[in-house]
Amino acid sequence: VLSLSVSLMIRGLFFLTRYQLGMTDLQNLILALLSGITYIIGAQISHRIEKNISSRKVILLLLLFQLIIPLLCYAYHSFMHLIVFFSIFTFANGMTWPFAESYASAGLDRKASSSSIGIYNICWSSAVPLAMFLSGLLISKYAIGFFTFVSFGVFISMLPVLFLPEKIPHKESSSEDDCVENEKIASIEQLLLSSRWSMFFSYCIIQLINSLLPGRFYELGISLAIAGFAAGLIDLSRIAGFIFMSRTHCWHGNKISLILSSPALALGFILCMFTTKLTHIIIGELIIGLFAAVSYYSALFYAMHMKNASVNAGAVHESVIGLGFVVGPIAGILSEKIIQLQP
């Protein structure tokens, strides 16, 4: 539910600004850049807050921020207002997910943790395409009123948090069986590093796609409703990848999938941004979604497996995502400036 609401805000906002508020691609890139920076900051300090207050209370407090901010955006939605409010929203959101990831895998062995992370990934990722399909419809019908749907969804997501354990149930110590499990994955540190680099690259591309694809659809004369639906296809492909990885363990320690990820992501981006046919854009989205799933799932699994499902492990994971959110828009802004300088 939280993923649905957050995706309406973080992904749908770019359609609102482009189609309803008349903002430019450059303004969208600036919004994306600043939100990425605050997302990293939120993720980085999440584990420090855990030391002073229970995990459940932290999540409730962060969700309260994410409930109030969209209502402020509804009342004040100029570009400067959105810069401030959107940055605060992504700051709180970046701080939330490390706690969720820690709850999702704490106290489990390798295979159980892999399956649990799979359920977690399928849950949050399945909400994203639904949010994209809804965002086009809600924005076209209610315009800025769609912010109220975001707040309502966040409120609903607060209710299950009341039933979480006060503290995350980490293992007290590693058993001999855990040591044996660790030995079964050779070069796990190298695999974690590789998967994080691939995930970083995937989120650079995803953030560029998020901020620029609405303008691409707009230029091609595609309606808002169809554009919102088409933009969600990247997430359907990602869900398919998550489902496969959650039901198998053959990819544990496998290097080939990670070697293929970055070239495939680059190909998908080229198809999305440098072709004029909707079918080619859709193919590019499907490729990006599939290999973004491979890199994300691998990075989270290896991190949680190595670090006993700690909040800090989730914080580093989310910081890598946030760094992709930052570098992607920077590359886009520089590209815009280079194009403007050409005679």
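Let me begin by describing the structure that accompanies this report. These numbers were taken from a predicted model, which means no experiment stands behind them.

**Brief notes about the overall build of the protein**
Then, in step 1: Counting its regular elements, the protein contains 14 helices and zero strands.
Then, in step 2: From first element to last, N terminus to C terminus, the protein shows the α and β order α-α-α-α-α-α-α-α-α-α-α-α-α-α.
Then, in step 3: The C-alpha radius of gyration computed for the protein amounts to 20 Å, which stays within 12% of the reference 20 Å derived for 343 residues, consistent with globular compactness.
Then, in step 4: Seen through its principal axes, the protein has C-alpha atoms that stretch 65 × 40 × 30 Å.
Then, in step 5: Looking at the 343 residues of the protein, the share that counts as buried comes to 56%.
Then, in step 6: Considering only intrachain contacts with a sequence separation of at least 6, the fraction spanning at least 24 residues in the protein is 88%.

**With respect to helix 7 (residues 146-161)**
Then, in step 1: Here helix 7 is 16 residues long and its end C-alpha atoms lie 24 Å apart, about the 22 Å a rise of 1.5 Å per residue gives.
Then, in step 2: Listing the buried residues of helix 7 in full gives Phe146, Phe147, Val150, Ser151, Gly153, Val154, Ser157, Met158 and Val161. For helix 7, the angular spread of buried residues about the axis comes to 160 degrees, placing them on one side.
Then, in step 3: On its buried side, helix 7 packs onto helix 1 (2-10), helix 2 (12-20), helix 4 (55-75), helix 5 (79-105) and helix 6 (110-142).

**As for the packing of helix 11 (residues 233-247) against helix 13 (residues 278-306)**
The description of two helices packed together rests on the angle between their axes and the distance between the axes.
Then, in step 1: It is the contact of helix 11 with helix 13, at a shortest axis distance of 7 Å, that shows an interaxial angle of 40 degrees. In terms of their interaxial angle, helix 11 and helix 13 are classed as oblique. Considering how the two elements wind past one another, helix 11 and helix 13 form a crossing that is right-handed. Residues Leu233, Ile234, Ser237, Arg238, Gly241, Phe242, Met245 and Ser246 of helix 11 lie in contact with helix 13, whose contacting residues are Ile282, Glu285, Leu286, Ile288, Gly289, Leu290, Ala292, Ala293, Val294, Tyr296, Tyr297 and Ser298.
Then, in step 2: Grouping the constituent residues of the contact of helix 11 with helix 13 by class yields 13 nonpolar, five polar and two charged.

**Considering the pattern of salt bridges**
Then, in step 1: As enumerated under the stated definition, the model contains four salt bridges in all.
Then, in step 2: The residue Asp25 makes a salt bridge to Arg18 at a minimum N-O spacing of 3.2 Å.
Then, in step 3: A cluster of three or more residues bridged by salt bridges with shared partners is formed by Arg11, Asp235 and Arg238.

**Structural notes on the packing of aromatic side chains**
Then, in step 1: The full count for this structure, using the stated rule, is 14 aromatic pairs.
Then, in step 2: Ring centres 6.1 Å apart and planes at 85 degrees place the aromatic pair Phe14 and Phe86 in the edge-to-face group. Taken together, the residues span a long stretch of sequence, with Phe14 in helix 2 and Phe86 in helix 5 at a distance of 72 residues.
Then, in step 3: A residue is classified by how much of its surface remains accessible, and Phe14, at 0% relative accessible area, is buried.
Then, in step 4: Between Trp124 and Phe242, the ring centres sit 5.6 Å apart and the planes meet at 65 degrees, which makes this aromatic pair edge-to-face. Here Trp124 is found in helix 6, whereas its partner Phe242 is found in helix 11, with 118 residues between them in sequence. Here Trp124 and Phe242 have matching classes, each one buried.
Then, in step 5: Taken together through their ring pairs, the aromatic side chains of Trp124, Tyr203, Phe242, Tyr296 and Tyr297 make up a single cluster.

The rules behind the values
Residues numbered from 1 in each chain as written. Predicted model: local features only at pLDDT ≥ 70, side-chain atom pairs only at ≥ 80, totals over all residues. Heavy atoms only, no water. Helix = DSSP H or I, 4+ residues; strand = E, 2+ residues; numbered from the N terminus. Rg over C-alpha atoms; globule rule 2.2 N^0.38 Å. Buried < 20%, exposed > 50% of the residue type's maximum accessible area, 1.4 Å probe, protein only. Contact = heavy atoms within 4.5 Å. Expected span 1.5 Å × (residues − 1). Arc of directions from axis to C-beta. Axes fitted to C-alpha atoms, helices over the stretch in contact; angles between N-to-C directions. Parallel < 35°, antiparallel > 145°, perpendicular 65-115°, else oblique. Left-handed = near helix turned anticlockwise from the far one by under 90°. Nonpolar A, V, L, I, M, F, W, Y, C, P; charged D, E, K, R; others polar. Salt bridge = Lys/Arg side-chain N within 4 Å of Asp/Glu carboxyl O. Phe/Tyr/Trp six-rings, centres within 6.5 Å; stacked < 30°, edge-to-face > 60°.

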